[in-house]
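Breakdown of the fold
The chain contents come next:
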Amino acid sequence: MNIRVTHAAEGLARRAFTVSEVVRMVEAGVLGRDERFELIGGEIVPMSPKGIRHEHLKQWLMEQLVRGLPDDLQTIPETTFYLSEDTFIEPDFVVYPTESGLERLSPETCLLAIEVADSSLTYDLGRKARLYAEFAISELWVFDVNAMKVTVHRQPGDGQYRSVEGYGFDTVLVAERIDGYELDLSGYRQA
């Protein structure tokens, strides 16, 4: 039998899964429909539970995006974003052109990806940011709800972002590929 494998930190082989295999596992009940996980390079990666601070900021961001994005753009929270045959992630938000539609969401059509982190900050700023860069997602914003900071990643190349800058919540963020959209973080009131 010829199956793909990955190697864990200790060097032992792990069976690698494809997106279609994971979808079939969910349909068969092997994995629960409500389980939170991502598929990274064929490995199923469980996601951390979300805290209330995460959810408050996510709710505020959703309101700002829905109210402020130009009419020719859309956003969706927590969608399954298929990047390749063996990788999908679930960003907190993606912004994409209405004309391309959610069905054609891809690294090319994703204008902005947003992650909100509390317990997952190290993962979101590390492995997950590198993953976004590997797939050439043009811009990634990672919000740290504990420190009330945001890290803006731009200019992906060679598996990393060449521009990574941190800001406080007294900043107005401007997305590079979204004309006329600004996000004034000073309007956020921590719960």
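Refer to the structure printed above.
What comes next concerns the included structure. Small disclaimer: the values here were computed from a predicted structure and weren't measured. (Residues numbered from 1 in each chain as written. Predicted model: local features only at pLDDT ≥ 70, side-chain atom pairs only at ≥ 80, totals over all residues. Heavy atoms only, no water.)

**A few points about the packing of aromatic side chains**
A complete count under the given rule lists six aromatic pairs for this structure. For the ring pair Phe143 and Phe169, a centre distance of 6.0 Å and an interplane angle of 90° mean the geometry is edge-to-face. Remark: Phe169 occurs in the loop between β12 (160-168) and β13 (172-174) and Phe143 occurs in strand β10 (residues 139-144); sequence separation between them is 26 residues. Residue classification places Phe169 among the buried positions, given a relative accessible area of 11%. Judged by centre distance (6.0 Å) and plane angle (65°), the ring pair of Phe169 and Tyr188 falls under edge-to-face. With Phe169 in the loop between β12 and β13 and Tyr188 in the segment after β14 (182-184), this pair connects stretches of sequence that are 19 residues apart. Among the aromatic residues, those joined into a cluster by ring pairs are Trp60, Trp141, Phe143, Phe169 and Tyr188. (Phe/Tyr/Trp six-rings, centres within 6.5 Å; stacked < 30°, edge-to-face > 60°. Helix = DSSP H or I, 4+ residues; strand = E, 2+ residues; numbered from the N terminus. Buried < 20%, exposed > 50% of the residue type's maximum accessible area, 1.4 Å probe, protein only.)

**Overview of helix α2 (residues 52-68)**
Taking 1.5 Å per residue, 17 residues should reach 24 Å; α2 reaches 24 Å between its end C-alpha atoms and fits that length. Every buried residue belonging to α2 is among His54, Leu57, Lys58, Trp60, Leu61 and Leu65, and all of these are buried. On an axial view of α2, the arc spanned by its buried residues comes to 165°, and they lie on one face. Seen from the open side of α2, the exposed residues pointing more than 90 degrees away from its buried face are Ile52, Val66 and Arg67. (Expected span 1.5 Å × (residues − 1). Arc of directions from axis to C-beta.)

**A look at a negative patch on the surface**
A contiguous patch of negative charge on the surface is contributed by Asp71, Asp72, Glu99 and Asp179. The topology assignment puts Asp179 in the loop between β13 and β14. (Patch = residues over 30% accessible without salt bridge, like charges linked within 9 Å, V, L, I, M, F, W, Y side chains within 5 Å. Areas by Shrake-Rupley, 256 points an atom, 1.4 Å probe, with all protein chains shown as cover. Salt bridge = Lys/Arg side-chain N within 4 Å of Asp/Glu carboxyl O. Lys, Arg positive; Asp, Glu negative; His and termini not counted. Charge placed at Lys NZ, Arg CZ, Asp CG, Glu CD.)

**A word on the side chain of Glu38**
Within the secondary structure, Glu38 is located in strand β3 (residues 37-40). By relative accessible area, Glu38 is classed as buried at 0%. If we ignore the near neighbours within four places in the chain, the residues touching Glu38 are Glu43, Ile44, Val45, Met47, Phe88, Ile89, Glu90, Tyr123 and Lys128. (Contact = heavy atoms within 4.5 Å.)

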